[in-house]
Amino acid sequence: MSSGQALGAKVRAGARLSLLNTVVIRIGNFAAGVVLARTLLGPREWGLYATGMVALGVLLSANEMGVSLAVIRWEREVKEFAPTVVTLSVLSSTTLYGLLFAAAPAIARALGSPDATTMLRVLCFSVVIDGIACVPNQVIAREFRQGARMVLDLVNFLVTTGTTLALAWSGAGALSFAWGALAGNLCALAGCAIVVPGVLRPGWKAAEARALISFGLPLAGASLLVLAMLNVDSVVTGALLGPVALGFYQLAFNVSSWPVRSISEAARRISFAGFSRVADSRQALADAFGRGLGILMAAAVPPCVLLATLAEPVVATIYGDRWAPAAGALRWLALLGLLRIAYELAYDCLAAANRRSALIAVQGWWLAALIPALLLGAHRWGISGVGAGHLVVAALLVAPAFWWAMRRAGVGGAVVLRACARPFGGGLLMAAVSLLVYRWSGQTRWGMCLAAALGLALYVPVVLPMLRLLRGGGSAASQPREERVPALEGER
């Protein structure tokens, strides 16, 4: 077997394990969230937790200045520069946490939840843990060791969920989330040290540090913009509408993110590494992106469309009637989730192709357009307006920007249209059928189930010919040209 074929086999095996891992963990998280939302914690507690997650997300996007991505992208022996990466990431994450700790009261007040100070300080310590664990995590991604990733994620999930549920039952409220996340991350860090030994030792080489910062800072800037975009809605909702409205909005956003987390996260564990292997060939990169986008859209359209068309019965059935106000935002955010999946794959493709300036330009434009849209939507229509503003900006203003950036990387519009044609056509058919059937049934829960079943029955034949994308033959994504594939370390 040639090295190109071996890489293709690794990518496909890693994709299967990554998908299995993501689905299992997401099902577990979903079940735990339902238990907490229906029995122990209400909208206010979820709102306070959302406040903490906003701050943590911003910190995580910049905690190691993007230098850990060199572990995947650089073609050198990792252990040569890993000590410098460890030092930079730990210094950066510790500094960021110190600033957060001092500013936590002011941040909590600005987000409309002054009693979230302790939540911020506890939850955001995870940024320090992430800074320490970044190198072994990226080594796992570089080597497509998704079996090890699955074990670590399962340990994290079990510890996090067990701790959170136990504390919630004891009356700890929103802090249950924070302490649970901290416990899970600490256990995952210990697991990383076992799975990838010898890479947590700090060290320093000035020349390497300069090269790493030069490589990583633009990517960290783009990542920070992405996180700002995905969290500015929570900031606007909390500041203008209060923590209870934020709790409803957060639940809607979490539900809309089920397809993103189950499908996109599984892909992103291997997509950057896979695109990096074919980034020297514009044609190979375009083929890989088109194949990946087609697979993701075919899988993502059904859940996103059904969540959008059946938002009210889904929320009431799963979480209970007290969460019904979340449905107003969910119908818009579900369609946003479909765009997020496509844009995240494009992000990884552009990053692998070293189009960092284009990434920053697109993300900056997105954020600049989003802020006034969200402010207007929140002021006029509450959380429904926030969700609608998010979708309108992403669909009408951001799509052309990504189109421009991808063309500069060698991925033309025809590639995108071919990948999306069948899934989007099937999705329109599914949306029409599910809405008609649900209304015909008198908007009952059995009608919801019938609408979903008939919609899927009509969707599947439309996308069935795309099964060929799951096979290994022919595409650059599965069989990169051998002369362009760098040597990989053997799997441990």
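Going by the structure above, here's the rest.
Residues numbered from 1 in each chain as written. Predicted model: local features only at pLDDT ≥ 70, side-chain atom pairs only at ≥ 80, totals over all residues. Heavy atoms only, no water.

(A) Just the nonpolar core, in detail. Judged by nonpolar contacts, the single largest core of 133 residues is most densely connected at F289 and W366. With 19 residues, the single largest contributor to this core is helix 15 (residues 356-408). Residue contacts for W366: discarding those within four places in its chain leaves M229, Y343, V393, A394, V398 and F402. Among the nonpolar cores identified, the runner-up in size contains 21 residues, and A70, F81, V135 and I140 belong to it. (Core = buried A, V, L, I, M, F, W, Y, C linked by side-chain atoms within 4.5 Å. Buried < 20%, exposed > 50% of the residue type's maximum accessible area, 1.4 Å probe, protein only. Helix = DSSP H or I, 4+ residues; strand = E, 2+ residues; numbered from the N terminus. Contact = heavy atoms within 4.5 Å.)

(B) Geometry of the packing of helix 6 (residues 126-142) against helix 8 (residues 175-195). One can describe the packing of helix 6 onto helix 8 by two numbers: an axis separation of 9 Å at closest approach and a directional angle of 35 degrees. Judged by the sense of rotation from one axis to the other, the crossing of helix 6 with helix 8 is left-handed. Taken together, the residues of helix 8 that come into contact with helix 6 (itself represented by S126, I129, I132, A133, P136, N137 and I140) are A181, L182, N185, L186, L189, C192 and V195. Of the residues belonging to the contact of helix 6 with helix 8, the class tally is eleven nonpolar, three polar and no charged. (Axes fitted to C-alpha atoms, helices over the stretch in contact; angles between N-to-C directions. Left-handed = near helix turned anticlockwise from the far one by under 90°. Nonpolar A, V, L, I, M, F, W, Y, C, P; charged D, E, K, R; others polar.)

(C) Region of the structure containing the pattern of salt bridges. One pass over the structure, following the stated rule, counts three salt bridges. In this structure, E312 engages R331 in a salt bridge whose closest nitrogen and oxygen atoms are separated by 3.2 Å. Placement of E312 in helix 13 (residues 311-319) and of R331 in helix 14 (residues 327-352) is noted, with a sequence separation of 19 residues between them. A residue is classified by how much of its surface remains accessible, and E312, at 48% relative accessible area, is partly exposed. On the basis of relative accessible area, R331 is assigned to the partly exposed category, the value being 30%. The salt bridge partner of R445 is D321, with a shortest N-O separation of 3.9 Å. In this pair, R445 is assigned in helix 17 (residues 445-463) and D321 in the loop between helix 13 and helix 14, connecting sequence segments 124 residues apart. Judged by its relative accessible area of 59%, D321 is exposed. (Salt bridge = Lys/Arg side-chain N within 4 Å of Asp/Glu carboxyl O.)

(D) Main features of the packing of aromatic side chains. Following the criterion strictly, the structure yields twelve aromatic pairs and no others. When the ring of Y97 is compared with that of F125, the centres are 5.3 Å apart and the planes differ by 85 degrees; the resulting orientation is edge-to-face. Within this pair, whereas Y97 is found in helix 4 (residues 78-110), its partner F125 is found in the loop between helix 5 (117-123) and helix 6, the two being separated by 28 residues in sequence. Assessed through its relative accessible area of 14%, Y97 is described here as buried. Members of the aromatic cluster, joined through ring pairs, are W46, Y49, F177, F248 and W323. (Phe/Tyr/Trp six-rings, centres within 6.5 Å; stacked < 30°, edge-to-face > 60°.)

(E) Summary view of the environment of V155. As for its position among the elements, V155 is in helix 7 (residues 146-169). Classification of V155 by relative accessible area gives partly exposed; the value is 35%. In this structure, the C-alpha to C-alpha distance between V155 and N185, residues 30 residues apart in sequence, is 9.2 Å.

(F) Region of the structure containing helix 14. Helix length check: helix 14, at 26 residues, gives a terminal C-alpha distance of 37 Å against a target of 38 Å (1.5 Å per residue), a fit within 8%. Remark: the principal bend of helix 14, roughly 25 degrees, maps to L333. Judged by how many residues are buried, helix 14 sits mostly within the fold: 23 of 26 residues are covered. (Expected span 1.5 Å × (residues − 1). Bend = angle between axes of the 7 residues up to and from the residue.)

(G) Region of interest: unusual backbone geometry. Unlike most non-glycine residues, N354 shows phi in positive territory, near 60 degrees. Here N354 lies in the loop between helix 14 and helix 15.

(H) Structural context of helix 6. Relative to the 24 Å expected for 17 residues at 1.5 Å per residue, helix 6 spans 23 Å between its end C-alpha atoms, a close match to the ideal helical length. Approximately 50 degrees is the largest bend angle found in helix 6, and it occurs at A133, with the proline P136 only one to four residues beyond. Buried residues dominate helix 6, accounting for 14 of its 17 residues. Remark: F144 follows helix 6 within two positions and exhibits a positive phi of approximately 55 degrees.

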